[in-house]
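Chain by chain, the residues run as shown.
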Amino acid sequence: LTEFMRLRSSTRDVVVNEQADDIDFRCEGSSNVNLLFVDASSDSVGIGTTPVANSTLTVEGVLALDEVSAPTNTADYGQLYANADNDLHYMDGAGTDTPLLKGGKHSIWVPSSAMTPLTTNGCSALTQVEMTASRPELQVLDFAADADDHAQFTVAFPKSWNEGTVTFQPFWTVTGTNAGTVVWNLTGISVDDDYAINSGYPSIAATGPKAHSGTSNDLNVSAESGALTITNASVDSVTFFRLNLKVAASSQTGVVRLIGLKMFYDINAGNDE
């Protein structure tokens, strides 16, 4: 005789295959005969299917995770959960929480050395500035305090870019002590296959005014700009950007030296395939 199921009142549990024989346990649904399949011989479980050998759990179909707040970590265990930020998260045994992004915000660093002055109303050419010998030197583009000087740069965004809006954050300095503010403008247009490069720029996005620290050659980091909509945003394109210092909205009286900027964009895929 073989025991298939045991009901134990002493420990308040129901045990299938207490004797550890080769007895499977299977629950059927209305259309799936393997809604839950426990395979005794392979010590594995299948949901919606027969389990794959050498795996503890095999799932066929959609796995739905209710959105929850971060769980309490358990030593030596990793936990997967869906948070209210619409991302899948992984928490390790030490409590380190990491979003496993299918999308989200990314950034590109664009140094001044990757920019060029415009032919009309352009900023200075790239300038190397030594402050003290054998210390960090600057490679900057100089923007006059009394004119809307312009620079250009290009970015080929990855295919994973969602072709939505972008923002930017300039990094700059002033060789001087004036604590006046600086406002930056940026506009951009994407050019894909057979699109006219000789096209007009759309509207701009601007940073808020950022005051120089008042100490010569201190680094100033402007706050992230408002959203910039890219005309003709598309994959497999080159996006031309035009940057300028907005004199009418700035109060800085010294030459503003651009070190570079961060470009922020969102992706909606895990790779560029």
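Residues numbered from 1 in each chain as written. Predicted model: local features only at pLDDT ≥ 70, side-chain atom pairs only at ≥ 80, totals over all residues. Heavy atoms only, no water.

Asker: What's the story with unusual backbone geometry in this structure? I'm lost.
Answerer: Keep in mind that most residues, glycine aside, have a negative phi and that most peptide bonds are trans. Its identity as a non-glycine residue notwithstanding, asparagine 17 has a phi of 65 degrees, on the positive side. Summarising the element assignment, asparagine 17 is placed in the loop between strand S2 (13-16) and strand S3 (25-27). If you check the backbone angles, asparagine 217 has positive phi at about 70 degrees while not being a glycine. Structurally, asparagine 217 is set in the loop between strand S19 (210-211) and strand S20 (220-221). A relative accessible area of 25% places asparagine 217 in the partly exposed class. (Helix = DSSP H or I, 4+ residues; strand = E, 2+ residues; numbered from the N terminus. Buried < 20%, exposed > 50% of the residue type's maximum accessible area, 1.4 Å probe, protein only.)

Asker: Help me understand the sheet that holds strand S8 (residues 88-91), please; the structure alone is not making it clear to me.
Answerer: Each strand in a sheet pairs with its neighbour through backbone hydrogen bonds, running either in the same direction (parallel) or in the opposite one (antiparallel). Pairing in this open sheet of three strands is antiparallel, and the strands run S7-S8-S9 from one edge to the other. The outermost strands of the open sheet, each flanked by one partner alone, are strand S7 (79-82) and strand S9 (97-100). Here the strands of the sheet are splayed against their neighbours by 30 degrees on average, with no regard to which way each runs. Alignment of S7 against S8, held across four bridges, turns out to be antiparallel. Across the sheet, residue alanine 82 finds its bridge partner in S8, namely leucine 88. (Pairing = 2+ DSSP bridges. Axes fitted to C-alpha atoms, helices over the stretch in contact; angles between N-to-C directions.)

Asker: Is there a simple way to explain the pairing of S2 in this structure?
Answerer: Every regular strand shows the same layout, with side chains that alternate between the two sheet faces. One ladder, built from four bridges, connects strand S1 (residues 5-8) with S2; its direction is antiparallel. Looking across to S2, one finds that arginine 6 is bridged to valine 15.

Asker: Explain the packing of aromatic side chains to me, please; I cannot follow it from the model alone.
Answerer: Geometrically, a pair of aromatic rings is defined through the distance of the ring centres and the angle of the planes. Across all of its chains, the model carries six aromatic pairs by this definition. A centroid spacing of 5.1 Å and a plane angle of 15 degrees characterise the contact between phenylalanine 153 and phenylalanine 241, whose relative ring orientation is stacked. Note that phenylalanine 153 is positioned in strand S14 (residues 150-155) and phenylalanine 241 in strand S21 (residues 238-245), a separation of 88 residues in sequence. You'll find phenylalanine 153 and phenylalanine 241 in the same group, each marked buried. Connected via pairs of aromatic rings, a cluster forms that spans Phe153, Phe157, Trp161, Phe241 and Tyr265. The ring of phenylalanine 264 has lysine 105 lying over it, and the distance from NZ or CZ to the ring centre is 4.8 Å. (Phe/Tyr/Trp six-rings, centres within 6.5 Å; stacked < 30°, edge-to-face > 60°. Lys NZ or Arg CZ within 6 Å of the ring centre and 35° of its normal.)

Asker: I keep staring at the sheet that holds strand S11 (residues 116-117) and nothing clicks. Help me out?
Answerer: The strand order across the open sheet formed by five strands is S11-S14-S21-S17-S18, and the pairing between neighbours is antiparallel. Where the open sheet ends on each side, the last strands, each with one partner, are S11 and strand S18 (205-206). Pairing geometry for strand S17 (residues 184-191) and S21, over eight bridges, is antiparallel. Paired with isoleucine 189 across the bridge in S21 is phenylalanine 240.

Asker: Looking at this structure, how should I read the nonpolar core?
Answerer: For soluble globular proteins, nonpolar side chains are generally found buried alongside one another. Grouped together as the largest cluster of nonpolar side chains are 29 residues, with contacts concentrated most on Phe153, Val166, Trp184 and Phe241. Sorting the residues of this core by element identifies strand S13 (138-143), S14, strand S15 (167-174), S17, S21 and strand S22 (256-267) as the ones contributing at least two each. Of all the elements, S22 adds the most residues to this core, at six residues. Dropping the residues within four chain positions of it, phenylalanine 153 is found in contact with Val110, Ala114, Met115, Leu186, Thr239, Phe240, Phe241, Leu261 and Met263. (Core = buried A, V, L, I, M, F, W, Y, C linked by side-chain atoms within 4.5 Å. Contact = heavy atoms within 4.5 Å.)

Asker: Looking at this structure, how should I read the side chain of histidine 89?
Answerer: Within the fold, histidine 89 resides in strand S8. A distance of 2.8 Å separates a polar atom in the side chain of histidine 89 from a polar atom in the side chain of aspartate 97. (Polar contact = N/O pair within 3.5 Å; in protein donor to acceptor, adjacent residues only side chain to side chain.)

Asker: Help me out: how do you make sense of the pattern of salt bridges in this one?
Answerer: Oppositely charged side chains can form a pair if their charged atoms are brought close together. Evaluation of the coordinates by the stated rule reveals seven salt bridges. Between arginine 8 and glutamate 18 there is a salt bridge, with its nearest N and O atoms 3.6 Å apart. A residue pair is termed long-range when its members are at least 10 positions apart, and arginine 8 in strand S1 and glutamate 18 in the loop between S2 and S3 qualify at ten residues. The partly exposed category is assigned to arginine 8, whose relative accessible area is 27%. Members of the salt-bridge network, linked through shared partners, are Arg8, Asp13 and Glu18. (Salt bridge = Lys/Arg side-chain N within 4 Å of Asp/Glu carboxyl O.)

Asker: Sorry if this is basic, but what is going on with a negative patch on the surface here?
Answerer: Residues Asp66, Glu67, Asp85 and Asp97 make up a contiguous surface patch of negative charge. Locating aspartate 85 in the fold gives a position in the loop between S7 and S8. According to the relative accessible area criterion, aspartate 85 is partly exposed, its value standing at 38%. (Patch = residues over 30% accessible without salt bridge, like charges linked within 9 Å, V, L, I, M, F, W, Y side chains within 5 Å. Areas by Shrake-Rupley, 256 points an atom, 1.4 Å probe, with all protein chains shown as cover. Lys, Arg positive; Asp, Glu negative; His and termini not counted. Charge placed at Lys NZ, Arg CZ, Asp CG, Glu CD.)

Asker: Sorry, what's going on with the side chain of threonine 49 here?
Answerer: Tracing the backbone through its elements, the reader meets threonine 49 in the loop between strand S5 (44-47) and strand S6 (57-59). With sequence-adjacent residues up to four places away left out, threonine 49 is seen in contact with Asn34, Phe37, Thr58 and Glu60.

Asker: Got a minute to help me understand the pairing of S9 in this structure?
Answerer: In this structure, S8 lies alongside S9, joined through four bridges in antiparallel fashion. Considered in S9, the bridge of methionine 91 is made with aspartate 97. The loop that links S8 with its antiparallel partner S9 comprises five residues; one of these, glycine 95, has a positive phi angle of about 95 degrees.

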